[in-house]
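One letter stands for each residue in the lines below.
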Amino acid sequence: MTVTGQNLKDQIKKLIELQVIDEEIFRFKRELREKPEEVEALKVEFESKKAILKTLEDKLKVIQVAQKELELDLKAKEEGISKADGSLSLLKTNKEYQARLLEIENLKADKSIVEEKILLGYDTVDAARKALETEKGVVAQYEKEYNATKKEVDDAVAILNDQVKVKESQRSRIAPEVRPDYLGRYERILKNKDGLGIVKVLDHSCGGCYMHLTEQVMNELKKYEQIISCDQCARILYLADDL
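The structure displayed is predicted, hence computed values, not measured ones.

Before we go on, may I ask you to explain the overall build of the protein chain in this structure?
Helix and strand counts for the protein chain come out as four helices and three strands. Whereas a compact globule of 243 residues would reach a radius of gyration of roughly 18 Å, the protein chain reaches 41 Å, over 25% beyond that. Structurally, the protein chain occupies a C-alpha span of about 130 × 35 × 25 Å along its principal axes. The buried share of the protein chain, taken over its 243 residues, is 32%. In the protein chain, once contacts between residues fewer than 6 apart in sequence are set aside, the share between residues at least 24 apart is 71%. Surface accessibility of the protein chain: about 15,500 Å² in total, with carbon and sulfur atoms responsible for 52%. Charged side chains in the protein chain number 43 positive and 48 negative. The centres of these two groups are separated by 2 Å.

Teacher, can you tell me more about the side chain of D22 here?
Relative to the assigned elements, D22 resides in helix α1 (residues 5-87). Relative accessible area serves as the criterion here: at 2%, D22 is assigned to the buried category. A distance of 2.6 Å separates the side chain of D22 from the side chain of Y186, its partner in a polar contact. The contacts of D22, once residues within four sequence positions are left out, are R171, Y186 and L190.

Would you mind showing me how to read the nonpolar core here?
For soluble globular proteins, nonpolar side chains are generally found buried alongside one another. Membership of the largest hydrophobic core comes to 32 residues, with the highest contact counts inside it found for L15, L18, Y186, I198, L221 and L237. Only α1, α3 (180-192), β1 (198-202), α4 (215-223) and β3 (236-238) provide two or more residues apiece to this core. Ranked by the residues each element gives to this core, the list is headed by α1, at seven residues. Residues V39, F46, I63 and V125 belong to the second largest nonpolar core, which totals 14 residues.

What is the right way to look at the sheet that holds β1 in this model?
Hydrogen bonds between backbone atoms are what pair the strands of a sheet, whose relative direction is either parallel or antiparallel. Pairing is mixed across the open sheet formed by three strands, whose spatial order is β2-β1-β3. Each end of this open sheet is capped by a strand with a single partner; those strands are β2 (205-206) and β3. As judged from the three bridges shared by β1 and β3, these two strands associate in the parallel manner. Looking at the pairing, I198 lines up with I236 of β3. Docked against the sheet, α1 engages β1 and β3, running at close to 110° with respect to β1.

Cut-offs used in this document
- Residues numbered from 1 in each chain as written.
- Predicted model: local features only at pLDDT ≥ 70, side-chain atom pairs only at ≥ 80, totals over all residues.
- Heavy atoms only, no water.
- Helix = DSSP H or I, 4+ residues; strand = E, 2+ residues; numbered from the N terminus.
- Rg over C-alpha atoms; globule rule 2.2 N^0.38 Å.
- Buried < 20%, exposed > 50% of the residue type's maximum accessible area, 1.4 Å probe, protein only.
- Contact = heavy atoms within 4.5 Å.
- Areas by Shrake-Rupley, 256 points an atom, 1.4 Å probe, with all protein chains shown as cover.
- Lys, Arg positive; Asp, Glu negative; His and termini not counted.
- Charge placed at Lys NZ, Arg CZ, Asp CG, Glu CD.
- Polar contact = N/O pair within 3.5 Å; in protein donor to acceptor, adjacent residues only side chain to side chain.
- Core = buried A, V, L, I, M, F, W, Y, C linked by side-chain atoms within 4.5 Å.
- Pairing = 2+ DSSP bridges.
- Axes fitted to C-alpha atoms, helices over the stretch in contact; angles between N-to-C directions.

Okay, structure coming up:
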């Protein structure tokens, strides 16, 4: 297919139009990839806070069970003391009587130790309850922030998807006007260069990688006989002033 200078200029103009659209499409799609990552990071933090809360809940349960066991032990010792006291009058020898008194004293000593443990346990339970309530407040706040952020991201993703559809629709109207070989070349570069396939020359330099262009390349660009690419980054070049 023969290409005149004007025809090539028209083709380059179409590629530039596509580039404007494609740049936005790439940007929107990049945001679509990044948005869920924001939610995931917050979710990981939220889950870690819930894990801490679960640990505190389990700790409180263990403490409460231990406290209950101490209370049962205390009750058993009180019953033992009461039973031993009641049996004193039934004893027949002094030796038996003294032995029972010693038994009662030992039971009372054990009872005193258990009571001390129970008192200390109350403080431990209160401290565990306070820590749990504090963490519940933290988790509730994180959940609120997580849900709010997730909604914002979901809304933003919906908008971005709509924007991509609009841009892809615009693109579908322009792309058929570009020669298939030019379009294929441009799209390969576009994919490999993160959404930037065609760039203007900036003061004898490539607008993509900023490599200085030789006079030969500049002259070839001005002839408009073929599409010229940067030797360094392979992006298609054009002279904005000529267009």
